[in-house]
Amino acid sequence: TILHQRQEFIKQQLTRVEALWIETKGLLVDHVCIRVDSNELYNTIKEILSEQYPLLWWEKIVWWRNIVIFDIVNTYRTIKNPYDTLFELPAPKSNHLYPNWLQHIEIVYPGNLEDLLTNHSSINRNKDWFYKPYNRDLSIMFHDMSEVKFHEQSLREVLTFECW
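Residues numbered from 1 in each chain as written. Predicted model: local features only at pLDDT ≥ 70, side-chain atom pairs only at ≥ 80, totals over all residues. Heavy atoms only, no water.

### Focus: the overall build of the protein chain
Thinking step 1. The helix and strand inventory of the protein chain stands at 5 helices and 8 strands.
Thinking step 2. Walking the protein chain from its N terminus toward its C terminus, one meets helices and strands in the order α-β-α-β-β-α-β-β-α-β-β-β-α.
Thinking step 3. Here the protein chain holds 164 residues, and 48% of them are scored as buried.
Thinking step 4. For the protein chain, contacts bridging at least 24 residues in sequence account for 62% of all contacts bridging at least 6. (Helix = DSSP H or I, 4+ residues; strand = E, 2+ residues; numbered from the N terminus. Buried < 20%, exposed > 50% of the residue type's maximum accessible area, 1.4 Å probe, protein only. Contact = heavy atoms within 4.5 Å.)

### Comments concerning the nonpolar core
Thinking step 1. Core analysis: the biggest nonpolar cluster contains 34 residues, and Leu 49, Phe 87, Leu 89, Ile 105 and Phe 150 have the highest contact counts within it.
Thinking step 2. Of the residues forming this core, the biggest block, 6 residues, is contributed by helix 1 (residues 2-19).
Thinking step 3. Counting 7 residues, the second largest nonpolar core, distinct from the first, contains Val 62, Ile 69, Leu 155 and Leu 159. (Core = buried A, V, L, I, M, F, W, Y, C linked by side-chain atoms within 4.5 Å.)

### Details of the pattern of salt bridges
When the charged atoms of two side chains lie near each other, side chains of opposite charge can form a pair.
Thinking step 1. Under the criterion given, the structure shown has 6 salt bridges.
Thinking step 2. Its salt-bridge partner being Glu 8, residue Lys 11 comes within 3.7 Å of it at the nearest N-O pair. Of this pair, Lys 11 and Glu 8 both sit in helix 1, 3 residues apart, roughly one helical turn.
Thinking step 3. When salt bridges with common partners are traced through the structure, they connect Glu 114, Arg 136 and Glu 152 into a single cluster. (Salt bridge = Lys/Arg side-chain N within 4 Å of Asp/Glu carboxyl O.)

### A short note on the pairing of strand 3 (residues 65-71)
Put simply, side chains in a regular strand alternate between the two faces of the sheet.
Thinking step 1. The buried fraction of strand 3 amounts to 6 of the 7 residues, a majority that puts the element mostly inside the structure.
Thinking step 2. Taken together, the 5 bridges between strand 2 (residues 55-62) and strand 3 define a ladder with antiparallel strand orientation. Its bridge partner being in strand 3, Lys 60 is matched across the sheet by Ile 67.
Thinking step 3. Following strand 2, the chain reverses through 2 residues before pairing antiparallel with strand 3; Trp 63 in that reversal takes a positive phi of roughly 50°. (Pairing = 2+ DSSP bridges.)

### Overview of the side chain of Arg 65
Thinking step 1. Residue placement: Arg 65 occurs in strand 3.
Thinking step 2. No salt bridge is formed by the buried Arg 65; its nearest oppositely charged neighbour, Glu 88, is found at 5.6 Å.
Thinking step 3. A polar atom in the side chain of Arg 65 sits 3.4 Å from the backbone oxygen of Ala 91.
Thinking step 4. Every residue in contact with Arg 65, bar those within four places of it in the chain, is listed here: Arg 35, Lys 60, Pro 90, Ala 91, Pro 92 and Lys 93. (Lys, Arg positive; Asp, Glu negative; His and termini not counted. Polar contact = N/O pair within 3.5 Å; in protein donor to acceptor, adjacent residues only side chain to side chain.)

Here it is, written out as structure tokens:
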């Protein structure tokens, strides 16, 4: 099932991060992103997820493409699961090619991102979004094009800030 695949992907990504000597115990895995390479696949997956999970955030345009967010927490509230998170499904970007399916997890980093960057300077990171005015992030890209991103705020907090 998609829920099982999500859990396995999160475990895989956390294991990769821990292999780089970054402690993940106690960190909040905020959400999992599903990437697609076509609008047709975007609409198909959106329809499938809509049948299984409630929407946290209706489809909106962000950074020039549609994004929809599904709430797994409310669906599985009674299950003891450290990976109860959100699904983020962005429509494809014309200038990026991602493998279809689970592409990255985002972790809320409780400490200072500068410290994370300083303490792990040997890691190849994409620093593009490090200088945003709020909810800066660092990411680690792996050879299979999957990523782990560290953010300052949860997606729920960002949505509250941006939408209200």
